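Coordinates in review
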Amino acid sequence: MALTISGLSKTYANGVQALRNVSLTIGNNMFGLLGPNGAGKSTLMRTVATLQDPDSGSVSLDGLDVLAKKTEVRRILGYLPQEFGVYPRISVSDMLSHLAVMKGITNSGERKEVVDALLHQTNLWEVRKKSLATYSGGMKQRFGIAQALLGKPKLIIVDEPTAGLDPAERNRFLNLLSSIAGNVTVILSTHIVEDVRELCQRMAIIANGAVLIESSPSEALEGIRGKMWSKVVSGDEELKALEAGMQVVSTHLVGGQHEVRVYADTSPGDGFRASESELEDVYFLSLARHANA
Amino acid sequence: MRQFLEFFLFELKVRFKSISTYVYFAIWFVFSFLCVASESFGPVGSGNGKVLLNGPFANSYNAIGASFFGIIVIAAIFGTSILRDFQRDTTQILFTKPISKFAYLGGRWLGSFVVTVIVFFGLVPGEMLGTLAPWADHTRIAHAPLVWYFQPFFSIVVVQIFFLGSLFFLVGALSRRIFIVYLQGAAVFALYLFYAGVFLSTRSLSRFWPSIFDPVGLLYIDGITRYWTVVEKNTLLLSWSHQAAQGLFLYNRLVWCGFGVLTLAALWMFFPMSLEALTARSSSRRARLAAEQDDEIRSVPTFVTTRAPLVHPIFGAGTTWAQYRSMTRLRMRNIVRDLPFWVLIILMALLSCSNGRYAGRIEGQNVWPVTYLMLQAVEGIAILFFYIIATFYAAELIWRERDTHFEGIHDALPAGETTDWMSKLTALCFVEFAVLAVAGLCGILMQAVQGYYHFELLQYFKELYVVTLPQVLIFALLAMFVQTVVSNKFLGHGIVIGVFVMQPILFNFGWENTLYLFGQTPPYTYSDMNGYGHFVLPLFWSITYWLAIAAFLGVLSIGLARRGAEDSLGARMRGLRQNFSRIAPALAVCLLAAIGSGIWYYYNTHVLNEYLTAKDRRDIQAAYERDFKKYEHFAQPKITAADARIDIYPDRRSFSGTGHFVLQNKTPQPISAIHVTNAQQGFTHVVFDRPFHVVSSSPRAIYTIYALDKPLAPGETMNMNFNVGYTSRGFKDGNERAELAYNGTFFDSGYFPTIGYDQSLELGDPRRRREEHLGPQELLPPRGDAVGSVTNLFTPTADWIHYTTTVSTSTDQMALAPGYLQKDWIANGRHYYTYDMGDVKILDFFAYISGNYQVTRDTYQGVNGPIAIEVYHLPEHSFDVPDMIAASKAGLAFYEKAYSPYQFRQYRIIEFPRYRTFAQSFPNTVPFSEAIGFIDRTEKPTDIDFTYFVTAHELGHQWWAHQLIGGRVAGSNMMSETLAEYSALMTQQHRYGASNMHRFLRFELDRYLRGRGAEVRREEPLAQVQNEPYVWYQKGGQVMYTLADYIGEDKVNLALHNFLMQYRYANADDAQSGPYPDTRELVAALRAQTPADLQYYIDDSFENIVLYDNKAVSATITPTADHKYKVTLVVEAHKVKADGSGNETPMPMHDLIDIGVLTGPQDAQKPLYLQKEWIHDGRQTFTMIVDQMPNRAGIDPYNKLIDRNEDDNQIAVAKE
């Protein structure tokens, strides 16, 4: 399976340009879509998930025109939106069973089997009779992934799935995603760099509606190897001075003091030490470059 | 204080930023504007044509109406104000700050109060500006002092906002649950409807306590103003005085202000100002949830990924069906697992049952709860819920995915929009189906509770599921469409409710056409005789028409369904255009069905039949009066004999035939022109047996003038022949002729030619006359008028006639007309009957009846031989037949003894469908509507036997109308109606005794006093009565009954006998019309039997409008030495004379009035002492000794005299 996105553009009625000539090719693997809030990730995901039409461009899934043949796409689609709610007073097993019917699993034996398996997989078996509306954020999110895996999806789209999850929840969730068998295209959109680093073979960074980088995480890291430097600064004054003089990629608080990461071909000066390059550096650097461009 | 101000101002700011605040204001503004600016809007405008539209009564009534519908608005403002912090979870921020309870609650409450008052204040400028509308009826608009606007606003509306708002605020503050807040307004509204309905729908006479505790006002305004005359309604406000109307208004307002203060106190006491207490419930839920999660984490420490089983998704018709079923099931569950749904169902069931408990009962009358009455009672209230549920759940279903944010998942599912939409519709249909079933079950239950076990399930099914469900469905489809198109659910609700509310308003404004009033069907009446009868076709076609249009909107809704992220209407319209070809075939089918049924409906109602609006019909009446009134006093010959051959075709609702009149010139001059009125378009081909020609005719042939080539000489007779008949074609848009029915045809001589101008066609309502620029209607001339005196009151075109007829009908029915059956035969597949009146002359007043009847016969031995008593009725309606026969016998016995022998050898009662609700006395033949007899039920001694009464009344007319008729002058009407009423009252009293009459007469008095309050022209004294039925029935009956009580029944009967024998059959044999009797002779006959000291009663009762205000002030008892009781009673009495508009002047008083001491329960009081005493104006004290312990005492305790405060005549006795 391969998803080919070419030349997608979208401008909303309020003038916001959400997508600018976006082209991506996504193969049979886990694809990470990284970008800050408002970068156009969700617009892109919704477009691929048949919920929205672009102004121009095309999307095709192994030759299937996603924009024109929505019904056919929906039959092989698993979609977890960024935010979703549930019907009140319906239990998770009833809801999954309903969604299984909607996804064409009409054989009741088969349906029960798959729903039960998913409930076990997502660790919702114990609470399967509880009303969905009373679920915590993490439980709800697991229901979300369960429903996205229902049926035999060939294209799975998960939009910001780890937002709002606690670390344990997040780990479980990423495990589950990674267990999805091959021959399935999975697009994961997130603004958390860790998610991509841990899960994805391929990735793209998108900001302001445009694709900044499309590569594999390791290739991206290769590009900045040996060019990251860090220094603990004493105060705001110094930080200001550094920002004015060099390309500061990020600052972190370490034990209450600022640690500054700077991108430079050679050591930028006293007190700086060479630092292991991280995917996060790639991310911030490309955003910064984009902003300056 | 600063905090307080902050909360207060914040509340104001929030409200004034919200569009709803302005919408509410606009609603009240428009409401009161229309109340004043339009006579077609609101109960005051469309009611009595003399009550000022901006007068004190109108403004008070409008204020109460706004208060009633305003319950929901008050709940919406107050309830959400206190809930806001809990809804938006700002409690955490708020209650951790040091704010005072007073500032928080007080600021919020006062803010809501001020906003609500401002919102409702829209009423006042609305009323004021309404007076300036150029199209308004300015004869009904006064230059009003400001107090007329502000006193009702403050004392009714503001007080209600205070206590109801406080209540809603309290409930919101203590429950902190959104659905309770949303529901409490509707719940109070429904409960009030229930409360008021119990008293208003049964026209209960007990008003004091229900009025005191009436939070809205529909009861107390009725209690206070029910007997107000026009003058009072146009000058008096609801008074704050404790003396006016027993202080009802003052006490009511005090009770409810007190209630408001109590709720505020409760709020202060019970509202906890700590975050912990406020969020107790939700924090316990959070704790539970946390515990669950802990368990879960502990139980599965690691995450083992298992392979998902292999599945084989398939898509096709089977899957679509499965998707449809699964979605439908889910949506239904969404609805029925929701608490508000059950609240609605339970409220509906409660209201239906309480309405059903009193099905058909009115004014103390008990009836069998037959299915049509039960359905009417149950459906009458439940229909509101059917529509509420349709409106509400259509919106919920359309918006469910958006409201729950499930749309992201739902919209990406592989199901078609049609499948999705159909599942919504199906869920809604299922819910309606169930709700209708509940309503039906309530009806059946209430029939069983009342001991009526004849359950007509098929009729329940037809009414609920064949007639009503499609109409609800039409509305549901509209709601689904509107909710699909609009961008906001509440805007959608507004539009849908607007469409619903606009229907009757537009209808009132003359937009009557079923084809353009959304979802409208023509009115129909179920009749046990006739089923849905001729209403089936118009119902079927109008429902088909609107269902097709609704389905068209439904298909459009599918095309416009929201799916995906871009759900602006514009985007969806583009989608619709792209996918138009998919829905086009379905749209075309719906459109064709709508056009087809619409054309067929139009063809029937506009082409086959003339389409006339109510205004068109009034225009025709007005034109008739304008064009032909000038001929009213043209000398015309009178009919002296009538015969006709009539063929009735019940299955076609038609009849045809030929008629023949003998006309005689009973005037001293020759007559050369014959004028004929054809009001019903019932006859054609008029010919005379001498040369003649048509001089002129008018549109619809309503008035034709024929010139005789040789004038008809005085005393000379001639023959007039004509064809008579009416052919029903197709169906009409309402206004079907009630006379023609598949079973129960009943039409009268109104279809035959009327010689000369017919005054009865004139518009009576002064409001309508003004609209037509007609000026006041000409009254009956005074007694002694030269023309009026020699004209028969009932049948101005004749004096007395000979009558014979042959009538035929289909063989499965029998045909009747007045007269004795001479022969009947079957020919050409039809059944013929010949009736002849023999030598007895009758009024020119006869009828033809055809139906499928069971006949119950009996015989009474009259003074001149046997009298056949026959009741023609539906086999199922045999409940009252023995009662009717008993009443006929009792009446015959009484009237023959008291008045004169019965002039006929038969008395027949014939049932006809309830399209019309009266009984009418033709010579020896009485058509009797199935709605007012036949299902009466007299079981308890307190039940009023109305059938007995009506039967005796109609029999009374065989004397008082068919033997003695007055001239066409003022007062004459009472000589037939009042005397028939008196005859029936006496017959009733002989059968049921005086205490049952007491109950009956209190209702009669109520009707008289209400009648004069609603008078649109002016009230006349009894002996001068013009066209005031409440005078000639209710006042007349009461006056005569009391006269019999005062001077003795024998004396009254003797007076009537003397009067009858002297004046009956006036002009029966004269070649020239002489004078008919009038009330001067009647009153003289009564005076002759009345002692001198009671002559004042005749003056007061017949020649004037006199009202008493008798009152028991106090009653105390002291035991006497010989174990008896001494009662000391203080009474106060006043008497006033009223003019026709209700202006009163005090009268001196020296009147004989009952003083009584009573024992026993209210409904079955027994007198221990009852004596007439001479009473003067003011206070008087009486003492009397009684043997038993009394419980009440009073003046005129049985309400024999006309008294507007009839319930203060008695007082409970107190021990000294």
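Before any of the text, the structure's been laid out above.
As the structure is a computational prediction, the values presented were derived from the model and not from experiment.

1. So, the overall build of chain A
Within chain A, the regular secondary structure consists of 10 helices and 14 strands. Taking the principal axes of the C-alpha coordinates as reference, chain A spans close to 70 × 45 × 35 Å. Counting only residues that meet the buried cut, chain A has 47% of its 293 residues in that class. Once local pairs closer than 6 in sequence are excluded, the contacts in chain A between residues at least 24 apart make up 68%.

2. Quick notes on the overall build of chain B
Counting its regular elements, chain B contains 36 helices and 29 strands. Taking 1216 residues into account, the globule formula puts the C-alpha radius of gyration at 33 Å, and chain B, at 35 Å, falls close to it. Referenced to the eigenvectors of the C-alpha coordinate spread, the extents of chain B come out at roughly 115 × 90 × 60 Å. The 1216 residues of chain B split such that 47% are buried.

3. Quick notes on the pairing of strand E1 (residues 638-649) of chain B
Along any regular strand the residues' side chains alternate between the sheet's two faces. Residues and elements named next belong to chain B. Of the pairings in the sheet, the one linking E1 to strand E2 (residues 654-664) comprises 11 bridges and is antiparallel in character. For Ile639, the partnering residue across the bridge sits in E2 and is Leu663. Counted along the chain from E1 to the antiparallel partner E2, the turn is four residues long, and its residue Arg653 has a positive phi close to 50 degrees. As judged from the eight bridges shared by E1 and strand E10 (residues 798-810), these two strands associate in the parallel manner. Its bridge partner lying in E10, Ile639 is registered against Ala798.

4. Focus on the packing of helix H8 (residues 217-224) of chain A against helix H10 (residues 279-292) of chain A
All names here are of chain A. Look at H8 against H10: their axes get within 9 Å of each other, and the N-to-C directions meet at 75 degrees. With respect to each other, H8 and H10 are oriented roughly perpendicular. On H10, the residues that touch Pro217, Ala220, Leu221 and Ile224 of H8 are Leu279, Asp281, Val282 and Leu285. Partitioning the contact of H8 with H10 into residue classes produces seven nonpolar, no polar and one charged.

5. Focus on the pairing of strand E25 (residues 1166-1176) of chain B
Residue and element names in this part refer to chain B. Across 10 bridges, the pairing between strand E24 (residues 1150-1159) and E25 is antiparallel. Looking across to E25, one finds that Ile1155 is bridged to Gln1171. The loop that links E24 with its antiparallel partner E25 comprises six residues; one of these, Gly1160, has a positive phi angle of about 100 degrees.

Calculation notes
Position numbers for residues count from 1 along each chain, tracking the sequence in the order it is written. Written order determines the labels here, with chains lettered from A and ligands numbered from 1. In keeping with the model being predicted, local features are shown solely for residues with a pLDDT of at least 70 and side-chain atom pairs are shown and tallied solely at 80 or more, while totals for entire chains, interfaces and linings include all residues. Under the scheme used here, helices are H or I runs from DSSP no shorter than 4 residues and strands are E runs no shorter than 2 residues, and both carry numbers assigned from the N terminus. We call a residue exposed when 12 or fewer other C-beta atoms sit within 10 Å of its C-beta, buried when the count reaches 20 or more, and partly exposed for counts in between; the C-beta positions come from the backbone. By the criterion used throughout, residues are in contact when their C-beta atoms, derived from the backbone, lie within 7 Å. Atoms considered for the radius of gyration are the C-alpha atoms alone. The globule rule reads 2.2 Å times the number of residues to the power 0.38. Being paired, for any two strands, means DSSP has found at least two bridges between them. Every axis in this analysis is a line fitted to C-alpha atoms, fitted for helices over the stretch in contact. Angles between the N-to-C directions lie between 0 and 180 degrees. Orientation labels follow simple angle bins: below 35 degrees gives roughly parallel, above 145 gives roughly antiparallel, 65 to 115 gives roughly perpendicular, and whatever is left gives oblique. Just so you know the grouping, Ala, Val, Leu, Ile, Met, Phe, Trp, Tyr, Cys and Pro go in nonpolar, Asp, Glu, Lys and Arg go in charged, and all remaining residues, Gly too, go in polar.

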